[in-house]
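Here's the letter readout for the chains.
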Amino acid sequence: QVQLVESGGGLVQAGDSLRLSCSASSPNASNYAMAWFRQAPGKEREFVAAISWRGAGIKYAVSVKGRFTISRDNFKNTLYLQMNSLKPDDTAVYTCAARPAGIWFISVSSGAFEFWGPGTQVTVSS
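All residue numbers here refer to positions counted from 1 along the written sequence of the relevant chain. Selection of residues for local features in this predicted model requires a pLDDT of at least 70, selection of side-chain atom pairs for listing and counting requires 80 or more, and totals for whole chains, interfaces and linings are taken over all residues. Neither water nor hydrogens contribute to the side-chain values; these are computed over all heavy atoms in the structure.

**Structural notes on the sheet that holds strand β1 (residues 4-7)**
Phase 1: We call two strands paired when DSSP finds no fewer than two bridges between them. By the criteria applied, helices consist of DSSP H or I runs no shorter than four residues and strands consist of E runs no shorter than two, each listed in order from the N terminus. Reading across the sheet, the four strands line up as β1-β3-β8-β7 and stay open at both edges, with antiparallel pairing between neighbours. Each having just a single partner strand, β1 and β7 (68-73) make up the two edges of the open sheet. Averaged over all adjacent pairs, the angle separating strand axes in this sheet is 15 degrees, with direction ignored. Note on method: axes are straight lines fitted to C-alpha atoms, helices fitted across the in-contact stretch only, with angles between N-to-C directions ranging 0 to 180 degrees.

Okay, here's the thing in structure tokens:
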């Protein structure tokens with residue numbers, strides 16, 4: 001069992017940057033594949049970025065590739081999402097997800113993840 005807590009969301013203007021963090025409670029969280037998803041009002045949850053537990057595998061949604069960077073610090077049991085050149089379309093609740101996995105496992109599917117944080121709101125004004 002692992003508990004996830006996101007932080008770093010807020011209200012910014014278009015073109016600004018934010019860094020989200022996701023802190024994992026379990027000391028074994030470094031053995032987890034992790035990902036960021038987001039859900040805008042009235043829309044379904046969508047994949048943003050994913051990373052394998054050693055960070056060797058990374059995937060991004062087309063809409064954020066080149067602007068967002070996912071990373072992790074396994075010593076701190078923390079997942080990050082650096083978001084640059086933010087757009088109003090990036091406005092959503094951002095949630096981190098995790099699952100125990102093998103070294104090479106990575107997934108863009110929300111159904112593949114077992115543990116979820118409560119989310120943090122990101123609002124980008126035009």
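**A short note on the nonpolar core**
Phase 1: Leu 4, Trp 36, Leu 81, Met 83 and Tyr 94 are the most contacted members of the largest nonpolar core, which has 36 residues in total.
Phase 2: We call two residues in contact whenever any of their non-hydrogen atoms come within 4.5 Å of each other. Among all residues touching Met 83, those that are not within four sequence positions of it are Asp 16, Ser 17, Leu 18, Leu 20, Arg 67, Phe 68, Tyr 94 and Val 122. Buried residues of nine kinds, namely Ala, Val, Leu, Ile, Met, Phe, Trp, Tyr and Cys, make up a nonpolar core once their side-chain atoms join them within 4.5 Å. The rule is simple: take the accessible area with a 1.4 Å probe, protein chains only, and divide by the maximum for that residue type; under 20% is buried, over 50% is exposed, in between is partly exposed.

**Describing the side chain of Ser 52**
Phase 1: Structurally, Ser 52 can be placed in the loop between β5 (46-51) and β6 (58-60).
Phase 2: For Ser 52, a relative accessible area of 0% puts it in the buried group.
Phase 3: Setting aside residues up to four positions removed in sequence, Ser 52 forms contacts with Gly 57, Arg 72, Ile 103, Trp 104, Phe 105 and Ile 106.

**Section: the packing of aromatic side chains**
Two aromatic rings, taken as a pair, are described by how far apart their centres are and by the angle between their planes.
Phase 1: Centres within 6.5 Å are what make two rings of Phe, Tyr or Trp a pair, Trp counting through its six-membered ring; a difference in plane orientation under 30 degrees is then read as stacked, over 60 as edge-to-face, and the rest as tilted. All told, the structure shown has four aromatic pairs when counted by the stated rule.
Phase 2: Pairing Phe 37 with Phe 47 gives two aromatic rings, centres 5.8 Å apart and planes at 70 degrees, and the pair type is edge-to-face. Linking Phe 37 in strand β4 (residues 32-39) with Phe 47 in strand β5, this pair joins segments that are ten residues apart in sequence. You'll find Phe 37 and Phe 47 in the same group, each marked buried.
Phase 3: Judged by centre distance (5.2 Å) and plane angle (50 degrees), the ring pair of Phe 37 and Trp 116 falls under tilted. Taken together, the positions of Phe 37 in strand β4 and Trp 116 in strand β10 (residues 115-116) put the pair 79 residues apart, joining distant regions of the chain.

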